[in-house]
Amino acid sequence: MTKYSSEFKVKLVNEYFDRQISILGLSKKYGMPSKSPIYRWVHEAEANGLNYLITKKSHKEYSQDFKLSVIEYHKLHEISRLDTAIYFKISPSQVNSWIYRYNHYGVIGLRRRPEGDDR
């Protein structure tokens, strides 16, 4: 379950796009401990549209080759993990996870893990 609803994300991004309030102002107005999620939502919406913020209900499996291509793209273009996630239309936390696993376990860390493997 996500921490913030899709409706909430869209509402905040729309307020920002309407130039009613800054990202910092939004985080204060809605009592959010950090402005980072709002910053991410705004950039995701700018790149992919507001519909991108609607929470996906299905769990998608990615191939080892796809994960490796994401990591290589991130390194080759020297862009942020957020921008990499936006480019591939995946979660920034997914990019973080794959980079971490690749750095600690190599290519084998990108293989599909069996159920219950918390590595």
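Residues numbered from 1 in each chain as written. Predicted model: local features only at pLDDT ≥ 70, side-chain atom pairs only at ≥ 80, totals over all residues. Heavy atoms only, no water.

Colleague: I would appreciate a short explanation of unusual backbone geometry in the present structure.
Modeller: Glycine aside, residues mostly have negative phi, and peptide bonds are mostly found in the trans state. One non-glycine residue, Glu78, lies in the positive phi region at around 50°. With respect to the helices, strands and loops of the structure, Glu78 is situated in the loop between helix 4 (64-77) and helix 5 (81-88). Phi is positive for Lys89, which is not a glycine, with a value near 60°. Relative to the helices and strands, Lys89 resides in the loop between helix 5 and helix 6 (92-105). (Helix = DSSP H or I, 4+ residues; strand = E, 2+ residues; numbered from the N terminus.)

Colleague: Hey, could you run me through the pattern of salt bridges in this one?
Modeller: When their charged atoms lie close together, side chains carrying opposite charge are able to pair. Across all of its chains, the model carries two salt bridges by this definition. Lys29 serves as the salt-bridge partner of Glu15, at 3.0 Å between the closest nitrogen and oxygen. Highlighted residues: Glu15 in helix 1 (residues 6-17) and Lys29 in helix 2 (residues 23-29), separated in sequence by 14 residues. Across the salt bridge formed by Arg40 and Glu44, the nearest N and O atoms sit 4.0 Å from each other. You can see Arg40 and its partner Glu44 sitting in helix 3 (residues 36-48), four residues apart, about one turn around the helix. Given the relative accessible area of 7%, Glu44 is considered buried. (Salt bridge = Lys/Arg side-chain N within 4 Å of Asp/Glu carboxyl O. Buried < 20%, exposed > 50% of the residue type's maximum accessible area, 1.4 Å probe, protein only.)

Colleague: Mind showing me how you'd approach the environment of Gln64 here?
Modeller: Note on placement: Gln64 falls in helix 4. With a relative accessible area of 26%, Gln64 lands in the partly exposed category. Separated by 44 residues in the primary sequence, Gln64 and Ile108 place their C-alpha atoms 8.6 Å from one another. Setting aside anything within four residues of it in sequence, one finds Gln64 in contact with Val107, Leu110 and Arg111. (Contact = heavy atoms within 4.5 Å.)

Colleague: How should helix 5 be read in this particular structure?
Modeller: Helical periodicity: at 3.6 residues per turn, an α-helix aligns residues three or four positions apart in one direction. What helix 5 keeps buried is the set Leu82, Thr84, Ala85, Ile86 and Phe88. For helix 5, the elements touching its buried residues are helix 3, helix 4 and helix 6. After helix 5 finishes, the residue Lys89 shows a positive phi value of roughly 60°.

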